[in-house]
Amino acid sequence: MGGRGGKEGLKVTIPGCICEIGDDEREELEKLLFKFGKARRRAYALKWKGYPRSEIVRILREETGLNARYVRDAYDSIKGLPPHATFGGLKNQRLREKGKISKEEYRKRRNSIVIAQGEKNKKGNLNMRLDLEKMELRISTGESRWIYPKIFIPQKYLKKYGHLLDGSAPYTVVIKRRNNDRGYDVRITVEVPTEAKDGSRIMV
């Protein structure tokens, strides 16, 4: 997922993590993760019942309170899944059945990801925008409120790709909670300009 619309180009995924977040902001992020997880599962169920995408977006906005961009991203994340998909993964389901993880931990693992796609005509990312000067990730909670956790990106990636994360180009942000509340990983996918040489070779 590198952004809506336009021809797909060469994309790179930049690793990072949330390195500092206050208790209140953590609570807001957790609420967002659970809402997005609910949106994904409901979108999946409604899709296989034959509902059109536009109707699914309308229903989920009412049910979750998320903005339309988050809801569309939730739909896009499940649209290619086959029937009878297991949200949270079969491994976690088996762990819960054997009593090796609690009901609450299983619930968290089923709601461990949130995706915000950039849009080519909007630049950057409207739901999750990087501030490279402050090294913050401005996150919309989906309720007209913003949180600003600190983000860490390895310097070698900032040096090579930082110029693509200044809002001049669209980028997609994925936040995933680590199991057992060990923090949050961040993945940022951005399209990299390429040039062709010798008719076929692509140089980054």
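In what follows, the structure referred to is the one given above.
Keep in mind it's a predicted model, so treat the numbers as computed, not measured.

Visitor: Would you mind going over the state of the cysteines with me for this structure?
Guide: Each disulfide consists of one covalent bond between the sulfur atoms belonging to two cysteines. Inspection of every chain in the model, using the stated rule, returns zero disulfides. Cys17 carries a free sulfur, and the closest cysteine sulfur to it, the one in Cys19, is 5.8 Å from it.

Visitor: Just to check I follow, could you spell out the side chain of Thr141 for this structure?
Guide: Examined against the element boundaries, Thr141 turns out to sit in the loop between strand E4 (136-140) and strand E5 (146-147). Taking the relative accessible area as the measure of exposure, Thr141 reaches 4% and is therefore buried. Apart from residues lying up to four places away in sequence, Thr141 is in contact with Glu28, Leu32, Leu66 and Ile147.

Visitor: Sorry if this is basic, but what is going on with helix H2 (residues 53-64) here?
Guide: The end-to-end C-alpha distance of H2, which contains twelve residues, comes to 16 Å, matching closely the 16 Å that a straight helix rising 1.5 Å per residue would cover. All buried positions along H2 are accounted for by Ile56, Val57, Ile59, Leu60 and Thr64. In the core, the buried residues of H2 are packed alongside helix H1 (23-48) and helix H3 (68-78). Positive phi appears at Gly65, one or two residues downstream of H2, with a value of about 80 degrees.

Visitor: Explanation requested: the environment of Lys120 in the structure shown.
Guide: Counting through the fold element by element, Lys120 comes out in the loop between strand E2 (113-116) and strand E3 (128-131). Taking the C-alpha atoms as reference points, Lys120 and Gly162, separated by 42 residues in sequence, lie 18 Å from one another.

Visitor: What should I look at first to understand the pairing of E3 in this one?
Guide: Each regular strand shows side chains that alternate between the opposite faces of the sheet. Of the two faces of E3, the one holding Met128 and Leu130 is buried and the one holding Arg129 and Asp131 is not buried anywhere. Note: E3 against E4, four bridges, orientation antiparallel. Considered in E4, the bridge of Arg129 is made with Arg138. Where E3 folds back onto E4 in an antiparallel hairpin, the turn is made up of four residues, including Met135, whose phi is positive at roughly 55 degrees.

Visitor: For this particular structure, what's the right way to read the packing of aromatic side chains?
Guide: Each aromatic ring pair is described using two quantities: the centre-to-centre distance and the angle formed by the ring planes. In the structure shown here, the tally under the stated rule is two aromatic pairs. Judged by centre distance (6.3 Å) and plane angle (75 degrees), the ring pair of Phe36 and Tyr70 falls under edge-to-face. Of the two residues, Phe36 is situated in helix H1 and Tyr70 in helix H3; the sequence distance between them amounts to 34 residues. The burial state of Phe36 is the same as that of Tyr70; both residues are buried. Aromatic pair Tyr44 and Phe87: ring centres 5.3 Å apart, planes at 75 degrees, arrangement edge-to-face. Taken as a pair, Tyr44 in helix H1 and Phe87 in the loop between H3 and helix H4 (90-97) lie far apart in primary sequence, 43 residues in all. The exposure class assigned to Tyr44 is buried, which follows from its relative accessible area of 10%. In this structure, Lys47 packs its charged tip against the face of Trp48, placed 4.4 Å from the ring centre.

Procedures and definitions
- Residues numbered from 1 in each chain as written.
- Predicted model: local features only at pLDDT ≥ 70, side-chain atom pairs only at ≥ 80, totals over all residues.
- Heavy atoms only, no water.
- Disulfide = S-S within 2.5 Å.
- Helix = DSSP H or I, 4+ residues; strand = E, 2+ residues; numbered from the N terminus.
- Buried < 20%, exposed > 50% of the residue type's maximum accessible area, 1.4 Å probe, protein only.
- Contact = heavy atoms within 4.5 Å.
- Expected span 1.5 Å × (residues − 1).
- Pairing = 2+ DSSP bridges.
- Phe/Tyr/Trp six-rings, centres within 6.5 Å; stacked < 30°, edge-to-face > 60°.
- Lys NZ or Arg CZ within 6 Å of the ring centre and 35° of its normal.

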